[in-house]
Amino acid sequence: MIDKNAVKEQIATFLKQPVSRLQDDTSLTSLVVESFILVEMIIDLQDAFGLRLVQEDMKDVKTVGDLTQLFVSRAGAAS
Amino acid sequence: MLDENELWVLSFYRSSEISGSLFFGRLARSMKPGAIQRDMTKHFSDEAAHAWYWTSCIEELGAKPIKLSSSYQDQYLTAAGPPSNLMEILGITQVFEKRVVNQYGRHSQLPEINPIVQNTLTKIMADEKWHIEWIHDALKLMEPEYGKDLIDKTLKRFWEADQEVYRKTMQEHEQRLKYLVK
């Protein structure tokens with residue numbers, strides 16, 4: 001099982017940003033200007049939590065909250 | 001000497017090679033050891049060399065590269081959506097590389113092409129063909145993990161995005177690219 005905070009901490013480590021900057025409603029595009037870096041971050045998160053996503057999963061992910069929720073629910077489904 | 005349109009096109013090529021290099025460089029750094037890590041590192045170094053070839057080509061022709069804000073790859077990500085796993089990254093890259101080889105091939109066949117541009121295209125196209133090969137092989141190796149159907153569906157989706165991006169690029173830069181489609 002993983003929780004939202006663990007996902008946020010991983011994002012913060014990847015982006016070298018304080019976790020406090022990662023509010024649920026923070027948009028991903030405000031954190032990551034280049035889409036290439038967003039791609040790398042998503043791969044990093046999957047490696048960190050041993051999950052596999054496909055593009056379809058990311059369709060409605062716009063904010064930090066959406067992303068953490070996606071990982072938490074996928075980890076729950078996998079366990 | 002380069003005219004304004006040709007300088008823009010060569011600068012566009014340079015900018016796309018830089019974007020490809022930066023992307024693969026970042027990925028190669030975080031990739032697990034193995035064949036894909038090795039080939040991706042080579043791919044990254046090729047793209048960086050290509051950016052240098054274009055820079056050098058433009059300078060040899062007495063011009064300076066134009067600074068362009070967005071690359072062809074950025075438009076791909078907008079049209080197709082960002083890839084979310086390695087298979088999707090390789091899929092979109094495969095489609096992109098085929099487009100590049102096609103574009104460079106057409107450019108190299110222009111009847112009055114400058115020999116410096118021709119040499120640059122020839123050098124780069126040899127590498128680009130290897131890029132298509134290694135990605136093709138890597139996608140084959142991923143079939144047991146992702147399933148052939150999913151890989152085929154992913155490639156099809158990216159092909160459709162490619163058509164869209166190419167059409168839009170040709171439309172948006174019609175004047176600049178006109179001499180390439182004679």
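Calculation criteria
- Residues numbered from 1 in each chain as written.
- Chains lettered and ligands numbered in written order.
- Predicted model: local features only at pLDDT ≥ 70, side-chain atom pairs only at ≥ 80, totals over all residues.
- Helix = DSSP H or I, 4+ residues; strand = E, 2+ residues; numbered from the N terminus.
- Rg over C-alpha atoms; globule rule 2.2 N^0.38 Å.
- Buried ≥ 20, exposed ≤ 12 C-beta atoms within 10 Å, placed from the backbone.
- Contact = placed C-beta atoms within 7 Å.
- Nonpolar A, V, L, I, M, F, W, Y, C, P; charged D, E, K, R; others polar.
- Expected span 1.5 Å × (residues − 1).
- Arc of directions from axis to C-beta.
- Core = buried A, V, L, I, M, F, W, Y, C linked by C-beta atoms within 7 Å.
- pLDDT = per-residue confidence, 0-100.

1. A word on the overall build of chain B
Then, number 1: The helix and strand inventory of chain B stands at eight helices and zero strands.
Then, number 2: Across chain B, helices and strands are ordered from the amino to the carboxyl terminus as α-α-α-α-α-α-α-α.
Then, number 3: In terms of C-alpha radius of gyration, chain B reaches 17 Å, essentially the compact-globule figure of 16 Å for 182 residues.
Then, number 4: In chain B, which comprises 182 residues, the proportion classed as buried is 37%.
Then, number 5: Residue pairs at least 24 apart in sequence account for 77% of intrachain contacts in chain B once pairs closer than 6 positions are excluded.

2. Comments concerning the interface of chain A and chain B
The parts lose accessible area when they come together, and the size of an interface is often stated as this lost area.
Then, number 1: Listed per partner, the contact involves 15 residues of chain A and 15 residues of chain B.
Then, number 2: The residue inventory of the side of chain A that touches chain B, partitioned by class, reads eight nonpolar, three polar and four charged.

3. Quick look at the environment of Ala63(B)
All names here are of chain B.
Then, number 1: Its place among the elements puts Ala63 in the loop between helix H2 (35–60) and helix H3 (72–80).
Then, number 2: Note: C-alpha distance between Ala63 and Leu27 (36 residues apart in sequence) is 33 Å.
Then, number 3: Ignoring anything within four residues of it in the chain, the contact list for Ala63 reads Leu2, Leu7 and Ile58.

4. Structural notes on helix H1 (residues 4–15) of chain A
Residue and element names in this part refer to chain A.
Then, number 1: Between its first and last C-alpha, H1 extends 16 Å over 12 residues, near the 16 Å set by a 1.5 Å rise per residue.
Then, number 2: For H1, the set of buried residues is Val7, Lys8, Gln10 and Ile11. What you see down the axis of H1 is that its buried residues fit within an arc of 160 degrees, all on one side. For H1, exposure combined with an orientation more than 90 degrees from the buried face picks out Asn5 and Thr13.
Then, number 3: Just downstream of H1 lies Lys16, where phi reads positive at about 55 degrees.

5. Examining the nonpolar core
Then, number 1: Residues Val39(A), Ile42(A), Tyr76(B), Ala80(B), Leu90(B) and Ile92(B) are the most contacted members of the largest nonpolar core, which totals 36 residues.
Then, number 2: Counting residues per element, this core draws most heavily on helix H4 (residues 86–108) of chain B, which supplies eight residues.
Then, number 3: Apart from the residues within four sequence positions on either side, Tyr76(B) is in contact with Ile92(B), Phe96(B), Ala161(B) and Val165(B).
Then, number 4: Listed in part, the 12 residues of the second largest apolar core include Val9(B), Tyr13(B), Val117(B) and Leu121(B).

6. Re the confidence of the model for chain B
All names here are of chain B.
Then, number 1: On average, residues of chain B score 90 in pLDDT, and 98% of them reach the 70 mark or higher.
Then, number 2: Per-element averaging of pLDDT across chain B places helix H8 (residues 174–177) at the bottom with 74 and H2 at the top with 96.
Then, number 3: Predicted complex, confidence summary: ipTM 0.79, pTM 0.86.

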